Amino acid sequence: KGMVVVTSAGNSGRSTVHPYIAAPADALGSLSIGSVDASMQRSVFSSVGPTFDGRIAPDIVAQGTATALIDENGLVTTGNGTSFSAPVISGAIACLMQAFPDLTPVQIYDLVRQSASQAATPDNQIGYGVPDFGQILTTLSSENDLVENTSIYIRDGIINLPSSNDEQEFQIFALSGQLVQSGCSVNNQIDATFLKSGIYCLRLRSEERAYKIVMN
């Protein structure tokens, strides 16, 4: 349907019997949101993973301890629960979709996970961590520096360059700005099979701009 589905991870974290997330937070194609406090420490009530089929959960987290709210009288108050951390993420994703309406749900999921505080080492306590939507916006907004080009395509994890770029020096960056691969292309190709699914920036030494590449 092209919808981005955001779900609360649940508040069973204190349970000694079943502290795990449950439906609908364990659904394939949804983004489950756990809870942390203002210091980015996991809230004790926040449900943990893995899912029943062994996937990391929650996907990401947001503040669900002492989250700022507006009550029925229009007054600012606070509350606890993943029912509050999930709307925080929902609002941020809605803004991201408004800014970049061509992004697919899968691309949004990947962007959010890759920008998070422990994207390289996700766990079943807070998943990929706290996402950085400012970082995503900065990266995708650089239209003059980050472009798509149909002359570069990816097949089976191999980046194919135009024929004029044989033995071209390159760098590949994650959206966090981390350099994940560098070297020299061989026969107009770059072996990127080890890269995880997601969106990256490819820079070629001979060009001033960067290319957006999507690894599936």
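To start, this report covers the structure provided alongside it. (Residues numbered from 1 in each chain as written. Predicted model: local features only at pLDDT ≥ 70, side-chain atom pairs only at ≥ 80, totals over all residues. Heavy atoms only, no water.)

### A word on the sheet that holds strand β8 (residues 158-160)
The antiparallel open sheet is built from three strands, whose spatial order is β7-β8-β11. The open sheet terminates on both sides in strands that have one partner only, identified here as β7 (153-155) and β11 (189-191). For this sheet the average axis-to-axis angle between neighbouring strands, irrespective of direction, equals 25°. Pairing between β7 and β8: three bridges, direction antiparallel. Paired with I154 across the bridge in β8 is I159. (Pairing = 2+ DSSP bridges. Helix = DSSP H or I, 4+ residues; strand = E, 2+ residues; numbered from the N terminus. Axes fitted to C-alpha atoms, helices over the stretch in contact; angles between N-to-C directions.)

### Topic: the environment of A86
On the secondary structure map, A86 appears in helix α1 (residues 82-99). Overall, the relative accessible area of 5% leaves A86 in the buried class. Separated by 79 residues in the primary sequence, A86 and T7 place their C-alpha atoms 6.2 Å from one another. Filtering out sequence-adjacent residues up to four positions away, A86 remains in contact with V6, T7, S8 and I33. (Buried < 20%, exposed > 50% of the residue type's maximum accessible area, 1.4 Å probe, protein only. Contact = heavy atoms within 4.5 Å.)

### Thoughts on the layout of surface pockets
Rolled over the atoms, a probe with the dimensions of a water molecule shows which regions are left empty. Put simply, the largest pocket is a space of about 450 Å³. What lines the largest pocket is a set of 16 residues, among which Q114, A119, A120, K196 and Y200 lie closest to the centre. If you tally residues by element for the lining of the largest pocket, the top one is helix α2 (residues 105-115), at three residues. (1 Å grid on protein atoms, 1.4 Å probe; cavity = no way out; pocket = protein on both sides within 12 Å on 5 of 7 lines; lining within 4 Å. Points joined across faces, edges and corners; volume = space filled by probe spheres on them.)

### Side note on the environment of A57
By secondary structure assignment, the location of A57 is in the loop between β2 (30-36) and β3 (60-63). The spatial distance from the C-alpha of A57 to the C-alpha of P131 is 15 Å, given a sequence separation of 74 residues. Those residues in contact with A57, other than ones at most four positions away along the chain, are I21, S32, V48, G49, T51, D123, N124 and Q125.

### Some details on the pattern of salt bridges
Scanning all chains against the criterion turns up four salt bridges. Between D53 and R55 there is a salt bridge whose closest N-O contact spans 3.1 Å. Since its relative accessible area comes to 28%, R55 is described here as partly exposed. Here E169 ties to R205 by a salt bridge, and the two come within 3.8 Å at their closest N and O atoms. On the criterion of sequence distance, the pair formed by E169 in strand β9 (residues 169-174) and R205 in the loop between β12 (198-204) and β13 (210-215) is long-range, its members being 36 residues apart. R205 sits in the exposed class, given a relative accessible area of 65%. Several salt bridges share partner residues, and in doing so they unite D59, D110 and R113 into one network. (Salt bridge = Lys/Arg side-chain N within 4 Å of Asp/Glu carboxyl O.)

### Some words on the packing of α1 against helix α3 (residues 133-141)
Their axes nearest at 11 Å, the elements α1 and α3 cross at an angle of 5°. Here α3 runs roughly parallel to α1, going by the angle between their axes. Counted together, I89, A92, I93, L96 and A99 of α1 and F133, I136 and L137 of α3 form the full contact between these two elements. A class-by-class count of the residues in the contact of α1 with α3 yields eight nonpolar, no polar and no charged. (Parallel < 35°, antiparallel > 145°, perpendicular 65-115°, else oblique. Nonpolar A, V, L, I, M, F, W, Y, C, P; charged D, E, K, R; others polar.)

### Here's the deal with the side chain of T7
Its place among the elements puts T7 in strand β1 (residues 5-8). Sequence-distant contacts of T7, that is, excluding residues within four places in its chain, are made with P24, A25, S30, L31, S32, I33 and A86.

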